[in-house]
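# What the coordinates show
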Amino acid sequence: MTEKFTFTLHATDGMARRGTVSMPRGDIRTPAFMPVGTAGTVKAMYPGQVRELGSDIILGNTYHLMLRPGAERVAKLGGLHVFANWPHPILTDSGGFQVMSLAQLRKLDENGVTFQSHIDGRRYELTPERSIEIQGLLDSDIQMQLDECVALPSSEAEIERAMRLSLRWAERSKAAFGEQPGKAVFGIVQGGDVPRLRIASAEALRDMDFKGYSIGGLAVGEPQHVMLEILSITTPVLPAEKPRYLMGVGTPDDILESVARGVDMFDCVMPTRAGRHGLAFTRFGKVNLKNARHAEDHRPLDEASDCPASRDYSRAYLHHLFKANETLAAMLLTWNNLAYYQQLMAGIRGAIDERRFEDFRLATKAGWARGDI
Ligand SMILES: O=c1[nH]cnc2cc3nc(NCc4cccs4)[nH]c3cc12
């Protein structure tokens, strides 16, 4: 076990990287997928299940936890790892992104954001300093700077304003974080879909010497090719010896293509949220289990999978559970989807280790295209 935060690169294959983030609470094998545990739970899953299917780290949302049960209360109860019975690494976001998408009556200025809770209307203020304080009260292992993410499309002037504000907030977040050897604060690259602004943001953050770097401002509705073009411009500017985390991404295809452009860490609500709505991710592509064509299909989702949810239940049964709105429906499909995502990540890591990532990428996409045999 280590008392420090370190990132070790084991292999590269093109721009794809195979590494390990080592922290006191455990190692994170990269490329890594982080299941989203918004309110301190990966919805419909037990923590042990999340771990068993290969997750080294989960994400907690600062916005939700600061509103309910409250950061000070989580601290009083021993921090998020004790509270949620997840003794492994946790990454938290700053809360800023969700204020802008969930809160009411929000106001953003140089100092931070003020807003009203969507739960009970109480007023809150998030500054770079308060966000880091909250993430510390949660005992988060990897913390995010407060930033401003602009929706795309936006004017270049608007994108530049938000990018430069985020750089000033990066300085304040890093100062507030101070020196915490076993933990890390990440800077977040902004700059929208404007290459010169992305490069300026990445260069400025590199010079601030963060332990890791998030790429923000993407997966906000832009076409995949725009996201990939921005990645191709941004990752080469970031220091090779530090981890790169692409926020909010993505589908299995997004992840494959982003690993190919130098990304190490991912988080996305896709596998869990889609699972609750009947959408299964498999090696053969996506399967919508609410569709009547599954009503008498006795096959499981994937008989070759080592995940019980994928192997031991028929599509007919899963279809029935969704039609009956049964609780088990969400549980089984969330389990299948997270298992598939972690199987994909393990496949990616193995392929990079063996310098055959490009073949793996093409074969995986062919499997999805072959469809639901
Ligand atoms: O620039 C960002 N800064 C801080 N958090 C983020 C989270 C993000 N999540 C997505 N996409 C996934 C989504 C989840 C819900 C709505 S979009 N894009 C994101 C961008 C940012």
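Since the structure is predicted, the reported quantities are computational estimates derived from the model, not experimental observations. (Residues numbered from 1 in each chain as written. Predicted model: local features only at pLDDT ≥ 70, side-chain atom pairs only at ≥ 80, totals over all residues. Heavy atoms only, no water.)

### With respect to the overall build of the protein
Just so we agree on the cut-off: Comment: elements are numbered from the N terminus, with helices defined as DSSP H or I runs of at least four residues and strands as E runs of at least two. Note that the radius of gyration is over C-alpha atoms, with the globule rule given as 2.2 Å times the number of residues to the power 0.38. Working definition: with a 1.4 Å probe on protein chains only, accessible area under 20% of the residue-type maximum means buried, over 50% means exposed, and in between means partly exposed. Whether two residues are in contact is decided by their heavy atoms: any pair within 4.5 Å suffices. The convention is simple: Lys and Arg are positive, Asp and Glu are negative, and His and the chain ends are not counted. Every charge is mapped to an atom, namely NZ of Lys, CZ of Arg, CG of Asp or CD of Glu.
Helix and strand content of the protein: 15 helices and 16 strands. Taking 373 residues into account, the globule formula puts the C-alpha radius of gyration at 21 Å, and the protein, at 20 Å, falls close to it. Its C-alpha atoms give the protein principal-axis dimensions of about 60 × 50 × 45 Å. Of all 373 residues assigned to the protein, the portion counted as buried reaches 57%. Excluding contacts between residues fewer than 6 apart, the proportion of contacts in the protein whose partners are at least 24 apart in sequence is 65%. Averaging the coordinates of the 44 positive side-chain charges in the protein and doing the same for the 46 negative ones gives two points 3 Å apart.

### Side note on the layout of surface pockets
Formally: Buriedness for pockets is judged along seven lines, at least five of which must meet protein on both sides within 12 Å for an open set on the 1 Å grid over protein atoms alone, while cavities are sets there where a 1.4 Å probe fits but cannot get out, and lining residues have an atom within 4 Å of a point. Grid points are joined across faces, edges and corners, and a volume is the space filled by probe spheres set on the points. Nonpolar residues are Ala, Val, Leu, Ile, Met, Phe, Trp, Tyr, Cys and Pro. Charged residues are Asp, Glu, Lys and Arg, and all others, Gly as well, are polar.
The calculated volume of the largest pocket comes to roughly 840 Å³. For the largest pocket, the lining is made up of 41 residues, of which F97, Q98, G248, D267 and V269 are closest to its centre. Within the lining of the largest pocket, the residues separate by chemical class into 18 nonpolar, 15 polar and eight charged.

### Thoughts on the nonpolar core
Test applied: Definition used in this section: a nonpolar core is a set of buried Ala, Val, Leu, Ile, Met, Phe, Trp, Tyr and Cys residues joined via side-chain atoms within 4.5 Å.
The biggest cluster of nonpolar side chains holds 89 residues, and the ones touching the most others in it are F115, L246, F266 and I348. Top element by residues in this core is helix α14 (residues 327-353). It accounts for 12 residues. When neighbours within four sequence positions are excluded, I348 is seen to be in contact with P31, I255, L256, V259, F357 and F360.

### Remarks on empty space enclosed by the protein
A complete count under the given rule lists two cavities of 30 Å³ or more for this structure. Lining the largest cavity we find F281, T282, R283, D302, S305, S310, N336, Y340 and Q343. Secondary-structure elements contributing two or more residues to the lining of the largest cavity are β15 (279-282) and α14. Per element, the largest residue contribution to the lining of the largest cavity is three residues, and it comes from α14. For the lining of the largest cavity, a count of residues per class yields two nonpolar, five polar and two charged. Approximately 30 Å³ is the volume attributed to the second largest cavity. As for the second largest cavity, its lining consists of R29, A32, F33, G54, S55, D56, Q342 and R349. Taken together, the elements giving at least two residues each to the lining of the second largest cavity come down to β4 (32-35) and α14. Looking at the lining of the second largest cavity residue by residue, the classes come out as two nonpolar, three polar and three charged.

### Overview of the pattern of salt bridges
Cut-off, in case you're wondering: Salt bridge, as applied in this entry: a Lys or Arg side-chain nitrogen positioned within 4 Å of an Asp or Glu carboxyl oxygen.
All chains considered together, the criterion is met by 28 salt bridges. Here R29 and D56 are joined by a salt bridge, their closest N and O atoms 2.8 Å apart. Within this pair, whereas R29 is found in strand β3 (residues 26-30), its partner D56 is found in the loop between α1 (47-52) and β5 (58-60), the two being separated by 27 residues in sequence. D56 sits in the buried class, given a relative accessible area of 8%. In this structure, R261 engages E257 in a salt bridge whose closest nitrogen and oxygen atoms are separated by 3.0 Å.

### What about the confidence of the model for the protein?
Our working rule: pLDDT runs from 0 to 100 and stands for how confident the predictor is about each residue.
Summarising the model, the protein shows a mean pLDDT of 97, and 99% of its residues fall at 70 or more. Interface confidence for the predicted complex, expressed as ipTM, amounts to 0.99; the pTM equals 0.98.

### Structural notes on the site of the ligand
Stated precisely, the cut-off is as follows: Consider each residue's heavy atoms; a residue with any of them within 4 Å of a molecule or strand counts as near. In protein, a polar contact means a hydrogen-donor-capable atom and an acceptor-capable atom, both N or O and within 3.5 Å, with residues adjacent in sequence counting only if both atoms are side-chain atoms; elsewhere, any N or O pair within 3.5 Å suffices. Under the convention used here, a 1.4 Å probe and the Shrake-Rupley method define accessible areas, while residue burial counts only the protein chains that appear.
All residues adjacent to the ligand are F97, D147, C149, Q190, G216, G217, L218, A219, V220, M247 and G248. A distance of 2.7 Å separates a nitrogen atom of the ligand from a polar atom in the side chain of D147. Between the ligand and the protein, one listed contact pairs a nitrogen atom with a backbone N or O atom of A219 at 2.8 Å. Protein coverage of the free-state accessible area of the ligand, which is 460 Å², stands at 76%.

### Thoughts on unusual backbone geometry
Cis rather than trans, the peptide bond between R68 and P69 has omega equal to 10°. Assignment of secondary structure puts P69 in the loop between α2 (62-67) and α3 (71-76). Within the chain, A219 stands out as a residue other than glycine whose phi angle is a positive 55°. Mapped onto the elements, A219 comes out in the loop between β12 (212-215) and α9 (224-234). On the basis of relative accessibility, which here comes to 37%, the residue A219 falls in the partly exposed class.

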